[in-house]
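Chain by chain, the residues run as shown.
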Amino acid sequence: MTKTQLEDEAWQMEELYWEYVQKSDTVNYKTLWHDDFIGYPSFGNGVSDVSKIASWIPDLHKDPNLKFLYILHKKASNAIEDVVMVFYDADEIWTNKQNQVVRKETYKFTHTWKKVDGKWVILGGMAAEKKQEVLNN
């Protein structure tokens, strides 16, 4: 595969990741991670292994009066041999029953993907909230 093809496949996996998040499908979401994953998630104060990786998803959907949506903003990707690093921002948006935005947060993400036994998995990553004052500049 070419560098571009690898990067495109990894980006498709990021899109699948967010489809699972939006559907609150933690079972399939957990299949995206390598068993030996370690990362620095936006939740908590430290690094996490794969055992806690889906713990943030139910909170997105806890208010039955709000609908969770997202918009992805791809910033960069880089394939080095068979490993692909993807960098992007994600707008997390909640709308009410009238489709009015009641809350929006933006996070920056990086994931490192590798195909293992023919299946893309995340080896490592990091997420952090983007500060609004930076977003407005």
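Quantities reported herein were computed from a predicted structural model and do not represent experimental measurements.

Basis of the calculations
Residues numbered from 1 in each chain as written. Predicted model: local features only at pLDDT ≥ 70, side-chain atom pairs only at ≥ 80, totals over all residues. Heavy atoms only, no water. Pairing = 2+ DSSP bridges. Helix = DSSP H or I, 4+ residues; strand = E, 2+ residues; numbered from the N terminus. Phe/Tyr/Trp six-rings, centres within 6.5 Å; stacked < 30°, edge-to-face > 60°. Buried < 20%, exposed > 50% of the residue type's maximum accessible area, 1.4 Å probe, protein only. Lys NZ or Arg CZ within 6 Å of the ring centre and 35° of its normal. Salt bridge = Lys/Arg side-chain N within 4 Å of Asp/Glu carboxyl O. Core = buried A, V, L, I, M, F, W, Y, C linked by side-chain atoms within 4.5 Å.

## Describing the sheet that holds strand β6 (residues 119-129)
A sheet is described by the order of its strands in space; here 6 strands give the open sequence β2-β1-β6-β5-β4-β3, paired in mixed fashion. Each having just a single partner strand, β2 (48-49) and β3 (67-80) make up the two edges of the open sheet. Relative to β2, strand β1 (residues 33-40) runs antiparallel, the two sharing 2 bridges. For Gly-39, the partnering residue across the bridge sits in β2 and is Ser-48.

## Focus on the packing of aromatic side chains
Counting across every chain of the model gives 13 aromatic pairs. Where Tyr-17 meets Trp-33, the ring centres are 6.0 Å apart and the plane angle is 55°; that geometry is what we call tilted. Here Tyr-17, found in helix α1 (residues 3-23), pairs with Trp-33, found in strand β1; they are 16 residues apart in sequence, far enough to count as distant. Accessibility expressed as a relative area gives 2% for Tyr-17, which makes it buried. Through pairs of rings, three or more aromatic residues link up here, namely Trp-11, Tyr-17, Trp-18, Tyr-29, Trp-33, Phe-37, Trp-56, Tyr-70, Tyr-88 and Phe-109. In this structure, Arg-103 packs its charged tip against the face of Trp-94, placed 3.8 Å from the ring centre.

## Here we look at the pattern of salt bridges
Once their charged atoms are close, side chains differing in charge can pair, the charge on each being opposite to the other. Taken as a whole, this structure holds 7 salt bridges when the rule is applied. The closest approach of N and O atoms between Glu-9 and Lys-115, which form a salt bridge, is 3.1 Å. Linking Glu-9 in helix α1 with Lys-115 in strand β5 (residues 101-116), this pair joins segments that are 106 residues apart in sequence. Exposure remark for Lys-115: the relative accessible area of 35% places this residue in the partly exposed category. With a shortest N-O distance of 2.4 Å, Asp-82 and Lys-114 are connected by a salt bridge. On the criterion of sequence distance, the pair formed by Asp-82 in the loop between β3 and β4 (83-95) and Lys-114 in strand β5 is long-range, its members being 32 residues apart. According to the relative accessible area criterion, Lys-114 is partly exposed, its value standing at 23%. Through salt bridges with shared partners, a single ionic network connects Lys-75, Asp-89 and Lys-130.

## Quick notes on unusual backbone geometry
Backbone geometry follows two general trends: most residues other than glycine have a negative phi, and most peptide bonds adopt the trans configuration. The phi torsion at Ser-24 lies on the positive side, around 55°, for a residue other than glycine. Inspection of the secondary structure assignment puts Ser-24 in the loop between α1 and α2 (26-29). The phi torsion at Glu-81 lies on the positive side, around 55°, for a residue other than glycine. With respect to the secondary-structure elements, Glu-81 resides in the loop between β3 and β4.

## So, the nonpolar core
Ranked by internal contacts, the top residues of the largest apolar core, which has 30 residues, are Tyr-17, Trp-18, Val-21 and Tyr-29. Listing elements by their share of this core, those giving two or more residues are α1, β1, α3 (57-60), β3, β4, β5 and β6. Ranked by residues supplied to this core, first place goes to α1 with 8 residues.

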